[in-house]
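Tertiary structure, described
Residues per chain are reported as follows:
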Amino acid sequence: LKEIFTVKPVRDLTWMFRKMVLMTLGEKGLKALGQPTDLPDQGFYNMGQKAFAQASVLGGLAIRDARDTDDPIISLRPLRNLESIGEGLSVSHCSELTSLQGLESLAAVERIYIEENASLTSLAGLGPLGTVDRMDVYQNPQLRSLDHLPESATFRYLRFQGNALTDLGSLP
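Residues numbered from 1 in each chain as written. Predicted model: local features only at pLDDT ≥ 70, side-chain atom pairs only at ≥ 80, totals over all residues. Heavy atoms only, no water.

1. Remarks on the overall build of the chain
Helix and strand content of the chain: 3 helices and 9 strands. Put simply, the chain runs from its N terminus to its C terminus through helices and strands in the order α-α-α-β-β-β-β-β-β-β-β-β. Once local pairs closer than 6 in sequence are excluded, the contacts in the chain between residues at least 24 apart make up 43%. Surface exposure of the chain reaches about 9,700 Å², of which carbon and sulfur atoms provide 53%. (Helix = DSSP H or I, 4+ residues; strand = E, 2+ residues; numbered from the N terminus. Contact = heavy atoms within 4.5 Å. Areas by Shrake-Rupley, 256 points an atom, 1.4 Å probe, with all protein chains shown as cover.)

Given below as structure tokens:
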């Protein structure tokens, strides 16, 4: 029990930094920063793990392919534990992304922008959202249906433009 409740700032802040990079950029991001890719297993409860028990982003989160990349974003699954974003979520210019799978835990966000994702065919994976101030979905040429828009969500403003929509699905 002593180890469970011991707080060691250097160890714990290092763990928190590495966990944040791992969750957002993956192992490649850790390697690029010269950090080891291994983290203590789930049985090792330190301050960092307690802080990440509920994964959240205080500001905004932008997800986008790097220009001229040989490693495009194909999945949002590394974000599967993300529950809240303080401001906005932007998923744009992800040429190989086909769905929003990985955002299933997202329950709170103020604004959502889904734009110019050439292969996006579905909004499947978008979490059990509450009230969203604004959602813009535009220029996703393969998006034909809103069938997977969360029924739990209340949207104050919705904008769909430049998509290939033929089915409004279960638009709340």
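2. Topic: the packing of aromatic side chains
Scanning the entire structure with this criterion turns up 0 aromatic pairs. The aromatic ring of Tyr138 is capped on one face by Arg159, whose charged end is 4.4 Å from the ring centroid. (Phe/Tyr/Trp six-rings, centres within 6.5 Å; stacked < 30°, edge-to-face > 60°. Lys NZ or Arg CZ within 6 Å of the ring centre and 35° of its normal.)

3. Here's the deal with the side chain of Asp65
Among the secondary structure elements, Asp65 is positioned in the loop between strand 2 (61–64) and strand 3 (82–85). The buried charged residue Asp65 lacks any salt bridge partner; its closest oppositely charged side chain belongs to Arg64, at an N-O distance of 8.3 Å. Only 2.7 Å separates the side chain of Asp65 from the backbone nitrogen of Ile73, close enough to count as a polar contact. Only 2.9 Å separates the side chain of Asp65 from the backbone nitrogen of Ser95, close enough to count as a polar contact. Discounting chain neighbours no more than four positions away, the residues touching Asp65 are Pro72, Ile73, Ser92, His93, Cys94, Ser95 and Glu96. (Buried < 20%, exposed > 50% of the residue type's maximum accessible area, 1.4 Å probe, protein only. Lys, Arg positive; Asp, Glu negative; His and termini not counted. Salt bridge = Lys/Arg side-chain N within 4 Å of Asp/Glu carboxyl O. Polar contact = N/O pair within 3.5 Å; in protein donor to acceptor, adjacent residues only side chain to side chain.)

4. Section: the layout of surface pockets
There is about 640 Å³ of room inside the largest pocket. Considering the residues around the largest pocket, the lining is formed by 21 residues, among which Thr24, Leu25, Gly26, Ile73 and Ser75 are closest to the centre. With 6 residues, the single largest contributor to the lining of the largest pocket is helix 2 (residues 9–32). Here the lining of the largest pocket is composed, by residue class, of 11 nonpolar, 5 polar and 5 charged. (1 Å grid on protein atoms, 1.4 Å probe; cavity = no way out; pocket = protein on both sides within 12 Å on 5 of 7 lines; lining within 4 Å. Points joined across faces, edges and corners; volume = space filled by probe spheres on them. Nonpolar A, V, L, I, M, F, W, Y, C, P; charged D, E, K, R; others polar.)

5. A closer look at the confidence of the model for the chain
Put simply, the chain has an average pLDDT of 82, and 83% of its residues get 70 or more. Under a pLDDT of 50 for its full length, residues 1–5 has, in the predicted model, 6 contacts with residues more than four places off or in other chains. (pLDDT = per-residue confidence, 0-100.)

6. Remarks on the pairing of strand 4 (residues 88–92)
Burial of strand 4 is extensive: 5 of the 5 residues sit out of reach of the surface. Note that strand 2 and strand 4 share 4 bridges and pair parallel. Residue pairing in the sheet places Arg64 in a bridge with Ser92 of strand 4. With 5 bridges joining them, strand 4 and strand 5 (residues 111–115) adopt parallel strand pairing. Bridge pairing in strand 5 places Leu89 opposite Ile112. (Pairing = 2+ DSSP bridges.)

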